[in-house]
Amino acid sequence: MSLCLFCDQPFTGDLDMRRLLLPGKSKTSCLCPSCRQQFAQIGPAFCPQCGRQQDSGEICQDCQKWRRIYQGNFLHNQAVYCYNQAFHDLMVRYKRYGDYLLCQVLQELAAPAVQKLAADYYVPVPTSPEHRKKRGYDTVWEIFTPLLPLTPLLAKKAGAGAQGEKGKKARMQAKQNFFLNPEFRGTITGKIILLDDIYTTGRTLYHARDAIETAFPKCQVESFSISR
Ligand SMILES: [Zn+2]
Ligand SMILES: [Zn+2]
């Protein structure tokens, strides 16, 4: 018997053969079957640039705007889950209310796709210093750190606020708040995958990409978000 981390109800979990092979990891799912069902995977048709689910495989309106702003230098994002009510509730509890254990739910949702990523560096989008202090953890780092070797290449300016607390217009007009982590030494070449929990307008990931491209112009930068 396990307790579902999302609804706190006991359930009998099926043994997952993939998890059995991972030493030290919980052998069963942390979501009961009915909570698991509430999370909807993206597909079959999606925007080839940002991964958003839609009826056709055409470039979405948000991405057409990025193509204009960046004159074609767009960011390719891969996403796995639709940003539906269940995902929204999960993120509110994990980020706003500091329900730290829910990072295990996000890991479980992200793991199959994360295991297929291939890059030289995996760079998490950092939390602002004041949010990290308030919650006691860096939200994106905690999700991905058991899944991939992470490189803390970026830092976020203090006082920048969280994108999740802004409306769409304010998000789009947000200023560049990322800079190269001063503790990072050395140079980087090759392919980088930026990691984030949610791709909303794309503003955050484009800024993170810009900060890396400015410092290391020879790198190829893509991104992965659990939800779009
Ligand atoms: Zn449940
Ligand atoms: Zn798109």
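Here goes a summary of the coordinates provided. All figures in this text were calculated on a predicted structure; none of them were measured in a lab.

Let's talk about the environment of Gln104
- Mapped onto the fold, Gln104 is located in helix α5 (residues 103-114).
- Sequence separation between Gln104 and Ser56 is 48 residues; the distance between their C-alpha atoms is 32 Å.
- Excluding residues that lie within four positions of it along the chain, Gln104 makes contacts with Leu5 and Cys30.

Observations concerning the nonpolar core
- In terms of nonpolar packing, the biggest core is built from 37 residues, with Phe39, Phe87, Leu90, Phe144, Leu195, Phe224 and Ile226 touching the most fellow members.
- Broken down by secondary-structure element, the contributors of at least two residues to this core are β3 (77-81), α4 (85-96), α5, α7 (139-144), β7 (191-198) and β8 (220-227).
- In terms of residue count, α5 provides more of this core than any other element does, seven residues in total.
- Leave out the neighbours within four places in its chain, and Phe224 touches Asn77, Gln78, Val80, Ala110, Ala113, Val114, Leu117, Phe144, Ile193, Leu194, Leu195 and Asp196.

So, the sheet that holds β3
- Ordered by their spatial adjacency, four strands build an open sheet running β3-β8-β7-β4, and the pairing between neighbours is parallel. The open sheet has two edge strands, β3 and β4 (121-124), and neither has a second partner. The sheet shows a mean angle of 25 degrees between the axes of neighbouring strands, taken without regard to direction.
- In the sheet, β7 pairs with β8 via seven bridges, with the strands oriented parallel. Looking at β8, one finds that Ile193 is bridged to Glu222.

What counts as what
- Residues numbered from 1 in each chain as written.
- Chains lettered and ligands numbered in written order.
- Predicted model: local features only at pLDDT ≥ 70, side-chain atom pairs only at ≥ 80, totals over all residues.
- Heavy atoms only, no water.
- Helix = DSSP H or I, 4+ residues; strand = E, 2+ residues; numbered from the N terminus.
- Contact = heavy atoms within 4.5 Å.
- Core = buried A, V, L, I, M, F, W, Y, C linked by side-chain atoms within 4.5 Å.
- Buried < 20%, exposed > 50% of the residue type's maximum accessible area, 1.4 Å probe, protein only.
- Pairing = 2+ DSSP bridges.
- Axes fitted to C-alpha atoms, helices over the stretch in contact; angles between N-to-C directions.

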